[in-house]
Structures are given as structure tokens and as C-alpha cells.
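The residues making up each chain are set out below.
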Amino acid sequence: MNAVLDAALRRWQLDGAAARGGSMLERLAQRDGTPLYVYSRPLIASRVAALRTEFPDDLTLLYAVKANPDPAVVGCVVPIVDGCDVTSAAEIAVALQAGAAGEALSVAGPGKSDAELAAAVAANALVVVESPNEARRLAAFAAGGIRPRVALRINPPFTLAADARMGGGPRRFGIDSEQAPQVLAGIGRLPLAFEGFHVFAGSGCLDARAIADVQQQTLELACELAPFAPAPVRVLNLGGGFGVPCFAGDAPLALATLGASLRALAADARRRLPGVRLALELGRYLVAEAGVYLTRVVDRKESRGRTFLIVDGGANHHWHATGALEGRRHLHFPLAVVGAEGRPVERVTLCGPLCAPHDTWAEDIVLPVAVPGDLVAVFQSGAYGASASPQAFLGKPAALARLVEWPARQPADARIATSPNRQQETEHA
């Protein structure tokens, strides 16, 4: 049993006798063609609602635009969160166009260019400073009484056991915690408006207790550094790190456990840092499970006793989900052959169309017998998909994308979202 796949099939209404989702996905694929990303507005909304239910009322929830910068997706998320975490001038523009307030943006990332700093200051965004030199460069934009807003990113002495460790040890991210008092003193001598701290210890973690422990350590670190700050700490960004199950055997994050911990942490923070507001920046956790990637089988072949299915999309569109990631050739995202209920099963290797051996969706996987023309759905595809992939490789066409008002408890002919500018809605930047 693959609980991750079973949950995805239920989420997209592909389980049970009716399996209404299959006809909807097929309809979308026939109309827009494949490869195609499908993003669900109701699934995004329900995830945000679940977070609001569990988290303290005064916690600031930011959407990490890097997870999925598709304008339709950003436009869907912005009205139901408190702001955005952005990393470039392009992401600032996408967030502003989606209706985000400039002062609700948090601009992070090492090596910001002068153009990116200028865009952040123009938007009145909070700039997360990652080095003493960056603070000095940002101060050059102070003029006419404008003091750029800043938070200091701290490289903590701890890390999060996750897919991507972004804290602890030598890092290009942030200021080492032991250097922070000196850097804070330097910020106090610059025409900058200090507001708080930012700590991001890791990404993609499924262990709620590990995340809660890191969040507690982050508060302790902020309290240690607060006396050195040039102004009261008003913002403490706890980072993110919330993972979603992608592989067989993964367990979903215990959201209730995290919620209880965060409520206690917020109360502790208010007592120890009066006036502080906790923030979380989440991307993958908000949108990953609300996306599915659709691709069609274009060929079926046998090679020395093995069966290969070749589909029309691959690592150029969804690098994260294929075997292109080092060390993950034996793992694969949950996937299914749409409309293949009741067929006999077989063991196959599912590959993309690229002239590259790493373009493999799944090796030696048991699937219903599939033939050219069949539709394959790859779940957990709403984050780090097209924008995190080498779409120009081999000159293959870019993947299209569609935001839909489905699945939800509504009639079988669920409405498909449209926009005045279909090109903007369906094509990734």
C-alpha cells in the first residue's frame, strides 16, 4: 500500500467507483494539450484555512513565491495570506501585480543586486539583510527621509534535519549568530529602520516535533540577540521548512502538533519580546499538493526484457519529480495512469522524452497496462515544478498551466477558471 498515492487519488477524486476526477483531468488535457500543470484553487484555499485554524491568530503567514511564481497561483494565494516572501525584482513585481501590499513583502536571499534592492525599497518592503556589505549597499538607497526597512538574517548554530539544510555550520545564508552583535551595531549606525530577525534552518521536513524544536531555539536565539539590536524586535521570521509527503513511506506533517507548539511559542514570544509578531514563510506546504502534472504516453517499447513507457514531458518541466535529482533514482513522486481502473498491471519504467539518461519518472514501477495516448498524472506537483526546471533544454515546448476551481464538493461539470488574458494564465514565465 502506498498511502501517499492513495491520499493523492482521493484529493483529486480519482478513487472510488465514480472517479470523477479522471474525466475532468482528461477534459483539461484534451483542451489544453500536454504536458500540462493543473493547479486547484479550492485545494490551496483549504490548506491555508487549515493553517489558520491551527495557528495563533496573530501569526503572519507569508507565501514563498519561489515555490510557484505562476501569476494565476500567486493571484490565488495573495488574498488569503498576510504577505509574500520574495527573492528578486521579478517576484516583487508578480506579488504586487497580484495585489500584495509592498509593506507586506519580505525580500530575502543572498547576493541581491542593486536593482533588486532598489525594487524592494521602492515597494517599502522589508529587506532581509544577509551580510554587512549588503546592509551598507542598502543604506545607499536612503534618501529624502526614507529609511529602508530591514531584518537581519541569522545563520543559527543549529539546523533542521530536512531535505535542504540552510542553517548551522558555514553557510552563504545570513550572518553567523556569533557575529550578529557586531553587525547589529553596524546597522544601528546606518540610515536603516531595523525591525527584527529572520532564521531559516531547513526545508522539506516532515517531523513536526523537529520543526517545533527549531522554532523554540529560534526564539531563544532572538532573545539572546535582542539586547544588541538598534531597535525593539517587532518581527521574528521563523522561516518555513514544512514538508509534504512525496515518496512511499512518507508520513504527512502533524499539523495539530505544530499548531499547539506555535500557540505556546507565540505566547512566550509576546512575554519575552513585547510587541513582537511571529512570521512563517511557506511555499511548498501551501501549493505542492494542490498541483498535478499531466503527460501523455507517446511510445511503448521493450528492451532486453524490460518495458519502457515514454511520455511527452520530463525533467525539463518537472526536474524535482524525476530521477534527475542525485540519489533518488529509486524513488518517485506518486503517479497514476488516468482512467486505467480495472486493467491488469505490469512492471514498467516510465521515462520522459529527453536525450538524457536521468529523464526518468519511475523505474521498475507497477502500473496498469498503458498504451500510447494514455494520460499519466504526477501528483504533489504544485511547487518547484516548471519554474525550477531547465525548460529550455533540447528546445522542447514549455509546459502550460491551468488554475481550476476544482476539485471540491461541486457538480461534475466544475467550472474551469478563466482570465481575460489566457496567455498569462496558461503559460509559465
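The structure presented is a predicted model; accordingly, all values stated were derived computationally and were not measured.

Q: What is the right way to look at helix 9 (residues 208-225) in this model?
A: Compared with an ideal rise of 1.5 Å per residue, which puts 18 residues at 26 Å, helix 9 spans 26 Å between its outermost C-alpha atoms and is within 8% of the ideal. Within helix 9 the residues assigned to the buried category are Ala-208, Ile-211, Ala-212, Val-214, Gln-215, Thr-218, Leu-219, Leu-221, Ala-222, Cys-223 and Leu-225. On its buried face, helix 9 sits against strand 6 (149-155), helix 8 (180-188), strand 9 (193-198), strand 11 (235-237), helix 10 (255-272) and strand 12 (277-282). Structurally, the start of helix 9 carries an N-cap: the backbone nitrogen of Arg-209 is 3.1 Å from a side-chain oxygen of Asp-207.

Q: Would you mind showing me how to read the environment of Ala-336 here?
A: By the secondary structure assignment, Ala-336 is in strand 15 (residues 335-337). A relative accessible area of 13% places Ala-336 in the buried class. Taking the C-alpha atoms as reference points, Ala-336 and Leu-5, separated by 331 residues in sequence, lie 8.3 Å from one another. Excluding residues within four positions of it along the chain, Ala-336 makes contact with Leu-9, Leu-375, Val-376, Ala-377 and Phe-379.

Q: Just checking my understanding: could you explain the nonpolar core for this structure?
A: Side chains that are nonpolar tend, in soluble globular proteins, to be buried together. In this structure, Tyr-63, Leu-152, Phe-197 and Phe-379 are the most contacted members of the largest nonpolar core, which totals 131 residues. Examining the composition of this core, we find that nine residues originate from one element, helix 9, more than from any other.

Q: Explain the side chain of His-198 here, please?
A: On the secondary structure map, His-198 appears in strand 9. Take His-198: its relative accessible area is 1%, and that puts it in the buried class. Of the polar contacts made by the side chain of His-198, one reaches the side chain of Glu-281; its length is 3.0 Å. In this structure, His-198 is in contact with Val-128, Leu-152, Arg-153, Ile-154, Asn-237 and Glu-281, ignoring residues within four places of it in sequence.

Q: Quick question: what am I supposed to make of the confidence of the model for the protein chain here?
A: Close reading of the predicted structure is inappropriate where its pLDDT is low. Across the protein chain, the average pLDDT comes to 91, with 89% of residues at or above 70. Below pLDDT 50 for its whole length, residues 410-415 participates in twelve contacts with residues either more than four positions away or in separate chains. Between residues 417-429, whose pLDDT stays under 50, and residues either more than four places distant or in other chains, the model counts 27 contacts.

Q: So what exactly am I meant to see when it comes to helix 8 here?
A: The set of residues buried in helix 8 consists of Ala-180, Val-183, Leu-184 and Ile-187. In an axial view of helix 8, the angular spread of the buried residues amounts to 100°, which keeps them on one side of the axis. Summarising the contacts, the buried residues of helix 8 are in contact with helix 7 (132-139), strand 6, strand 8 (175-176), strand 9 and helix 9.

Q: What exactly am I supposed to notice about the packing of helix 3 (residues 41-54) against helix 10 here?
A: Between two packed helices, both the angle of their axes relative to each other and the distance between the axes serve to describe the pair. Here helix 3 crosses helix 10 at 45°, and the two axes come no closer than 8 Å. The angle between helix 3 and helix 10 places the two elements in the oblique class. Residues Ala-50, Leu-51 and Glu-54 of helix 3 form the contact with helix 10, whose participating residues are Leu-255, Ala-256, Gly-259 and Arg-263. Its residues assigned to classes, the contact of helix 3 with helix 10 comprises four nonpolar, one polar and two charged.

Q: Sorry, what's going on with the packing of aromatic side chains here?
A: Aromatic ring pairs are reported here in terms of the distance separating the ring centres and the angle at which the planes meet. Taken as a whole and judged by the stated rule, the model has eight aromatic pairs. Measuring from centroid to centroid gives 6.3 Å for Phe-55 and Phe-242, while their planes differ by 85°, and the two rings are edge-to-face. Of the two residues, Phe-55 sits in the loop between helix 3 and strand 2 (60-64) while Phe-242 sits in the loop between strand 11 and helix 10, which places them 187 residues apart along the sequence. When sorted by exposure, Phe-55 lands in the same class as Phe-242, which is buried. Through pairs of rings, three or more aromatic residues link up here, namely Tyr-37, Tyr-39, Tyr-293 and Trp-361. Above the plane of the ring of Tyr-285 lies Arg-47, whose end atom (NZ or CZ) is 4.1 Å from the centre.

Q: Got a minute to help me understand unusual backbone geometry in this structure?
A: Trans is the common state for peptide bonds, and a negative phi is the common state for residues other than glycine. At the junction of Thr-34 and Pro-35, the peptide bond is cis and its omega measures out at 0° in the coordinates. Of note, Pro-35 is situated in the loop between helix 2 (20-32) and strand 1 (36-40). With omega at 0°, the peptide bond leading from Trp-406 into Pro-407 counts as cis. Following the sequence through the fold, Pro-407 ends up in the loop between strand 19 (400-404) and helix 13 (422-426). For Gln-380, which is not glycine, the phi dihedral falls at a positive 55°. Residue Gln-380 is classed as buried on the basis of its relative accessible area of 2%. One non-glycine residue with positive phi stands out, namely Leu-394, at about 70°. Among the structural elements, Leu-394 can be located in the loop between strand 18 (375-378) and strand 19. What makes Leu-394 partly exposed here is its relative accessible area of 44%.

Criteria and thresholds
Think of each chain on its own: its residues are numbered from 1, step by step along the sequence as written. Given that this is a predicted model, residues contribute local features only at a pLDDT of at least 70 and side-chain atom pairs are listed and counted only at 80 or more, while totals for whole chains, interfaces and linings are drawn from all residues. Side-chain numbers come from the whole structure's heavy atoms, not from hydrogens or water. Only DSSP runs of H or I covering at least 4 residues are called helices, and only runs of E covering at least 2 are called strands; the numbering of each starts at the N terminus. For a helix, the expected span equals 1.5 Å multiplied by the number of residues minus one. Exposure is judged per residue with a 1.4 Å probe applied to protein chains only, and the accessible area is read against the type maximum: over 50% gives exposed, under 20% gives buried, and values in between give partly exposed. Between two residues, a contact is recorded if the distance between any of their heavy atoms is within 4.5 Å. We call two N or O atoms a polar contact when they sit within 3.5 Å, provided that within protein one can donate a hydrogen and the other can accept it, with sequence-adjacent residues counted only if both atoms are side-chain atoms. In this description, a nonpolar core means a group of buried Ala, Val, Leu, Ile, Met, Phe, Trp, Tyr and Cys residues linked to one another through side-chain atoms lying within 4.5 Å. The pLDDT score gives, residue by residue, the confidence of the prediction method on a 0 to 100 scale. Here, the arc refers to the directions that run from the helix axis to the C-beta atoms. The axes are straight lines fitted to the C-alpha atoms, using for helices just the contacting stretch, and the angles between their N-to-C directions are given from 0 to 180°. Orientation labels follow simple angle bins: below 35 degrees gives roughly parallel, above 145 gives roughly antiparallel, 65 to 115 gives roughly perpendicular, and whatever is left gives oblique. Residues are sorted three ways: Asp, Glu, Lys and Arg are charged, Ala, Val, Leu, Ile, Met, Phe, Trp, Tyr, Cys and Pro are nonpolar, and all the rest, Gly among them, are polar. Think of it this way: a Phe, Tyr or Trp ring, Trp meaning its six-membered ring, pairs with another when their centres are within 6.5 Å, and the plane angle makes it stacked under 30 degrees, edge-to-face over 60, tilted otherwise. Sitting over a ring, as applied to charges here, requires NZ of Lys or CZ of Arg to be within 6 Å of the ring centre and within 35 degrees of the ring normal.

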